[in-house]
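Each chain, written out:
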Amino acid sequence: MSSLQRIGLGGGCHWCTEGVFVSLAGVARVEQGWIASVPPHATPSEAVVVHYDPAVIALGELLAVHLETHAATVAHALRHKYRSAVYTFGEQDAGPCRSLLAELAVDHLGELQTRVLPFVQFTPSLPEHQDYYRSDPERPFCRRYIAPKLNRLRRERPGLFFGNKQ
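Everything numeric here is computed off the predicted structure, so don't read it as measured data.

Definitions and limits used
- Residues numbered from 1 in each chain as written.
- Predicted model: local features only at pLDDT ≥ 70, side-chain atom pairs only at ≥ 80, totals over all residues.
- Heavy atoms only, no water.
- Helix = DSSP H or I, 4+ residues; strand = E, 2+ residues; numbered from the N terminus.
- Buried < 20%, exposed > 50% of the residue type's maximum accessible area, 1.4 Å probe, protein only.
- Contact = heavy atoms within 4.5 Å.
- Areas by Shrake-Rupley, 256 points an atom, 1.4 Å probe, with all protein chains shown as cover.
- Lys, Arg positive; Asp, Glu negative; His and termini not counted.
- Charge placed at Lys NZ, Arg CZ, Asp CG, Glu CD.
- Pairing = 2+ DSSP bridges.
- Axes fitted to C-alpha atoms, helices over the stretch in contact; angles between N-to-C directions.
- Core = buried A, V, L, I, M, F, W, Y, C linked by side-chain atoms within 4.5 Å.
- Left-handed = near helix turned anticlockwise from the far one by under 90°.
- Nonpolar A, V, L, I, M, F, W, Y, C, P; charged D, E, K, R; others polar.
- Right-handed = clockwise from strand over helix to strand, strands pointing away.

A.B. asks: Summarise the overall build of the chain; cite the residues concerned and give the values.
C.D. replies: Secondary structure summary: the chain contains 5 helices and 6 strands in total. Its C-alpha atoms give the chain principal-axis dimensions of about 40 × 35 × 35 Å. Relative to its 166 residues, the chain shows a buried fraction of 45%. Contacts in the chain between residues far apart in sequence, at least 24 positions, make up 74% of those at least 6 positions apart. Working note: accessible area of the chain is about 8,400 Å², and carbon and sulfur atoms make up 55% of it. Across the chain, the 17 positively charged side chains and the 16 negatively charged ones have centroids separated by 4 Å.

A.B. asks: Break down the sheet that holds strand β5 (residues 115-118) for me, with residues and values.
C.D. replies: Pairing is mixed in the open sheet, where 6 strands are placed in the order β5-β4-β1-β3-β2-β6. The sheet terminates laterally at β5 and β6 (121-124), the two strands that pair on one side only. With strand direction ignored, the average angle separating the axes of adjacent strands in the sheet is 35 degrees. Of the strand pairs in this sheet, strand β1 (residues 5-10) and strand β3 (residues 45-52) are connected by 5 bridges, and their pairing is antiparallel. Within β3, the position partnered with G8 by the bridge is V49. On top of the sheet, helix α2 (residues 59-68) reaches β1, β2 (27-36), β3 and β4 (85-88); it is set at about 15 degrees to β1, its chief contact. Relative to β4, helix α3 (residues 91-105) is tilted by about 155 degrees, and along the sheet it contacts β1, β4 and β5.

A.B. asks: Go over the nonpolar core, please, and point to the residues and values.
C.D. replies: Residues I7, F21, L24 and V50 are the most contacted members of the largest nonpolar core, which totals 39 residues. Secondary-structure elements contributing two or more residues to this core are β1, α1 (14-21), β2, β3, α2, α3, α4 (132-135) and α5 (140-156). At 6 residues, α2 tops the list of elements feeding residues into this core.

A.B. asks: Tell me about the packing of α1 against α5, and please be specific about residues and values.
C.D. replies: The N-to-C vectors of α1 and α5 enclose an angle of 35 degrees; their axes lie 10 Å apart at closest approach. Between α1 and α5 the crossing geometry is right-handed. In this structure, α1 contributes W15, C16, G19 and V20 to the contact, and α5 contributes F141, Y145, I146, K149, L150 and L153. Here the residues of the contact of α1 with α5 are counted per class, giving 8 nonpolar, 1 polar and 1 charged.

A.B. asks: A description of the environment of P158 should follow, citing residues and the corresponding values.
C.D. replies: Tracing the backbone through its elements, the reader meets P158 in the segment after α5. It is 20 Å that separates the C-alpha atoms of P158 and H108, two residues lying 50 residues apart in sequence.

A.B. asks: An account of the pairing of β5 is needed here, citing residue identities and associated values.
C.D. replies: Within a regular strand, the side chains alternate between the two sheet faces. Looking at chain direction, β4 and β5 are connected through 4 bridges and run parallel. Paired with A85 across the bridge in β5 is R115. Regarding the hand of the β-α-β motif, the stretch spanning β4, α3 and β5 is right-handed.

In structure tokens:
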């Protein structure tokens, strides 16, 4: 296994975001909680930190999944709680993330609300909320919100899941 890299992703409920990304091949770990950036984005917003192996899953694939699994083009009233963002852990990652988002934007109707922001602080969610989907995928919330996202991804991008690399 090559060295793991990490990227912060925010956009929707961190339970949903965590449930999607822990299911992907090449993702070693997902930390769920709140991420803060620099002003004017210093207020923590629900997000995850994804630790991934770039030899198995490319950053571009992670960003594509991120955009496809939350309302990335909607400027809704809850953006303060659900900021659509990619949080980078170094300036060397910001440029490639901006370029990838620009490439991926052509596949979306409407302007992407997703911003590339520097990671400043992470606060984990409560232990009982960690690994929410995998600990009980039959919860009503999981069946209603997370499972449909995973089912669509499995149909449209089966190569991203364990045992299905093509």
